[in-house]
Amino acid sequence: GESVGLHLPTLSVQEGDNSIINCAYSNSASDYFIWYKQESGKGPQFIIDIRSNMDKRQGQRVTVLLNKTVKHLSLQIAATQPGDSAVYFCAESIGTASKLTFGTGTRLQVTL
Amino acid sequence: DAGVTQSPTHLIKTRGQHVTLRCSPISGHKSVSWYQQVLGQGPQFIFQYYEKEERGRGNFPDRFSARQFPNYSSELNVNALLLGDSALYLCASSLRGTLWETQYFGPGTRLLVL
């Protein structure tokens, strides 16, 4: 079946720098995309979402960009902090938000 | 407000045994979904329930079953456990389980099958 994948398994950034986490998806029919953050021993935590009829959405320190032409999704974190260290997953949904398809994740390491 | 809660937090079983995992959604949420997360991978969809009815099922064997109760809490049952069932089992809730609704995840139940 089609799935969501990520380009980089590990991303290391210095505190204060901006982080960009990328995600490629394969199903052009996907309606809805979500970024989750998962810290060790915890469940995924919602960060930000975007609908397929949008190409950009901003939250607090985070921005999600959607490029449907090349089926690419990215998460930008401004002024990365040590508390941002975690595994980040992108997920997609087609038709119903409850059936999310996740990628394998990118580990973000913030160095001091 | 309490988030999604799951019990137990950890569980150790042996092959062939049966396990029941429990989930309570956020107050007011009527849809519950279950996911399996194997170490090092992203969560995989198992089931979705809404108003006690199964709305969706992922690619899992019939050993996996679930149900939702009138108070919208849910149970996931796994029979004849295999070593490969060792994983973090996540429950997520949303208002109605429809498109563009945010799903909120619980902390998960970590199951180890020996």
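Residues numbered from 1 in each chain as written. Chains lettered and ligands numbered in written order. Predicted model: local features only at pLDDT ≥ 70, side-chain atom pairs only at ≥ 80, totals over all residues. Heavy atoms only, no water.

Observations regarding the overall build of chain B
Okay, so step 1: Each helix and strand counted, chain B has zero helices and eleven strands in total.
Okay, so step 2: Each helix and strand of chain B, placed in order from N terminus to C terminus, yields the pattern β-β-β-β-β-β-β-β-β-β-β.
Okay, so step 3: Its C-alpha radius of gyration of 13 Å places chain B within 12% of the 13 Å reference for a compact globule of 114 residues.
Okay, so step 4: A principal-axis box enclosing the C-alpha atoms of chain B has dimensions of 35 × 25 × 25 Å.
Okay, so step 5: Sequence separation of 24 or more characterises 54% of the internal contacts of chain B that already satisfy a separation of 6 or more.
Okay, so step 6: Put simply, chain B shows about 5,500 Å² of open surface, and 51% of that area lies on carbon and sulfur atoms.
Okay, so step 7: The averaged location of the 8 negative side-chain charges in chain B is 5 Å from the averaged location of its 11 positive side-chain charges. (Helix = DSSP H or I, 4+ residues; strand = E, 2+ residues; numbered from the N terminus. Rg over C-alpha atoms; globule rule 2.2 N^0.38 Å. Contact = heavy atoms within 4.5 Å. Areas by Shrake-Rupley, 256 points an atom, 1.4 Å probe, with all protein chains shown as cover. Lys, Arg positive; Asp, Glu negative; His and termini not counted. Charge placed at Lys NZ, Arg CZ, Asp CG, Glu CD.)

Side note on the interface of chain A and chain B
Okay, so step 1: Contacts between the two partners involve 22 residues from chain A, matched on the other side by 24 residues from chain B.
Okay, so step 2: Carbon and sulfur atoms supply 56% of the area buried between chain A and chain B, which totals about 1,700 Å² over both sides.
Okay, so step 3: Inspection of the region where chain A meets chain B yields zero salt bridges.
Okay, so step 4: The interface formed by chain A and chain B contains four residue pairs in polar contact (both at pLDDT 80 or more).
Okay, so step 5: In the side of chain A that touches chain B, the residues fall into eight nonpolar, nine polar and five charged. (Buried area = accessible area lost by both parts, 1.4 Å probe. Salt bridge = Lys/Arg side-chain N within 4 Å of Asp/Glu carboxyl O. Polar contact = N/O pair within 3.5 Å; in protein donor to acceptor, adjacent residues only side chain to side chain. Nonpolar A, V, L, I, M, F, W, Y, C, P; charged D, E, K, R; others polar.)

Overview of the pattern of salt bridges
Residue and element names in this part refer to chain B.
Okay, so step 1: Under the counting rule described, the total for this entry stands at nine salt bridges over all chains.
Okay, so step 2: Between Arg-67 and Glu-75 there is a salt bridge, with the nearest N and O atoms lying 3.3 Å from each other.
Okay, so step 3: Judged by its relative accessible area of 45%, Arg-67 is partly exposed.
Okay, so step 4: Note on Glu-75: relative accessible area 11%, which makes it buried.
Okay, so step 5: As a salt-bridge pair, Arg-96 and Glu-101 come within 3.3 Å of each other at their nearest N and O atoms. (Buried < 20%, exposed > 50% of the residue type's maximum accessible area, 1.4 Å probe, protein only.)

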